[in-house]
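Here are the chains, one letter per residue:
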Amino acid sequence: HLEEMTREATGWLHLGNLIGDATGNKYAKYAQNLSLMHLIRLANRRLTELNDRYILDVTDIESDLTIIDLYQGRTKRSVKTLSGGETFVVSLAMALSLSDMASENVRLDSLFIDEGFGSLDAEMLETAIETLEKLQSESGRMIGVISHVESLKERITTQIQVRKSEQGYSTLVIGDMNNVLV
């Protein structure tokens, strides 16, 4: 009887050591780490569509994000070492993955991406645009892009433009590439 109770208690002690404490912090970190691992798996799927050089490394919620550089012998390094364009691509993969996670429980009909496109070279800009177009066509979501990049504006047919008047006021112009609607 004592042996059976000891076996049962051992399981509870192990669980308590992993996730239990008086404040609930251990459990919160455990749950956050599970969510982070799921996010990184989804982000890596998205990242392979955008770039064949990097994958995100599984990390702890309290650690900096790291990437594995496949061009440099699978070297691990901080995402802080990425260039502006590379950071944008990783951030886009993470944002799309967060959207994927959220849409598992809630329908998301729109996604807005604010800037970052100016840091991309022409090839990476094309890849980012193609990825967003593919996402839009597959998911049916409205994707809003906020940008000052001229080549990007040429690719987006429906636009909301903010125009500043000589008096210092701004007006909105809504339309497609050929027709002003409002």
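This structure is a prediction, so every number in the text was calculated from the model and none was measured.

This part takes up the sheet that holds strand β3 (residues 75-78). The 3 strands are arranged β1-β2-β3 in an open sheet whose pairing can be described as antiparallel. Looking along the sheet, the strands with just one partner apiece sit at the ends: β1 (54-56) and β3. Adjacent strand axes in the sheet meet at a mean angle of 35°, parallel and antiparallel pairs treated alike.

Here the focus is the nonpolar core. Among the nonpolar cores identified, the biggest contains 32 residues, and Leu56, Phe88, Leu92, Phe117 and Leu120 are the most heavily contacted of them. Elements with a contribution of two residues or more to this core: α2 (25-50), β1, α3 (84-103), β4 (110-114) and α4 (122-139). A total of 8 residues in this core trace back to one element, the largest contributor, which is α3.

With that out of the way, let us pick up the environment of Ser63. If you trace the backbone, Ser63 turns up in the loop between β1 and β2 (66-69). With a relative accessible area of 41%, Ser63 lands in the partly exposed category.

This part covers the packing of aromatic side chains. To describe a pair of aromatic rings, one takes the distance between the centres and the angle between the planes. Under the defined criterion, the tally for this structure stands at 1 aromatic pair. With 4.8 Å between their ring centres and 55° between their planes, Phe88 and Phe117 make a pair best called tilted. Of this pair, Phe88 sits in helix α3 while Phe117 is found in the loop between β4 and α4, placing the two residues 29 residues apart along the sequence. Accessibility assignment for this pair places Phe88 and Phe117 in one class, buried.

Definitions and limits used
- Residues numbered from 1 in each chain as written.
- Predicted model: local features only at pLDDT ≥ 70, side-chain atom pairs only at ≥ 80, totals over all residues.
- Heavy atoms only, no water.
- Pairing = 2+ DSSP bridges.
- Helix = DSSP H or I, 4+ residues; strand = E, 2+ residues; numbered from the N terminus.
- Axes fitted to C-alpha atoms, helices over the stretch in contact; angles between N-to-C directions.
- Core = buried A, V, L, I, M, F, W, Y, C linked by side-chain atoms within 4.5 Å.
- Buried < 20%, exposed > 50% of the residue type's maximum accessible area, 1.4 Å probe, protein only.
- Phe/Tyr/Trp six-rings, centres within 6.5 Å; stacked < 30°, edge-to-face > 60°.

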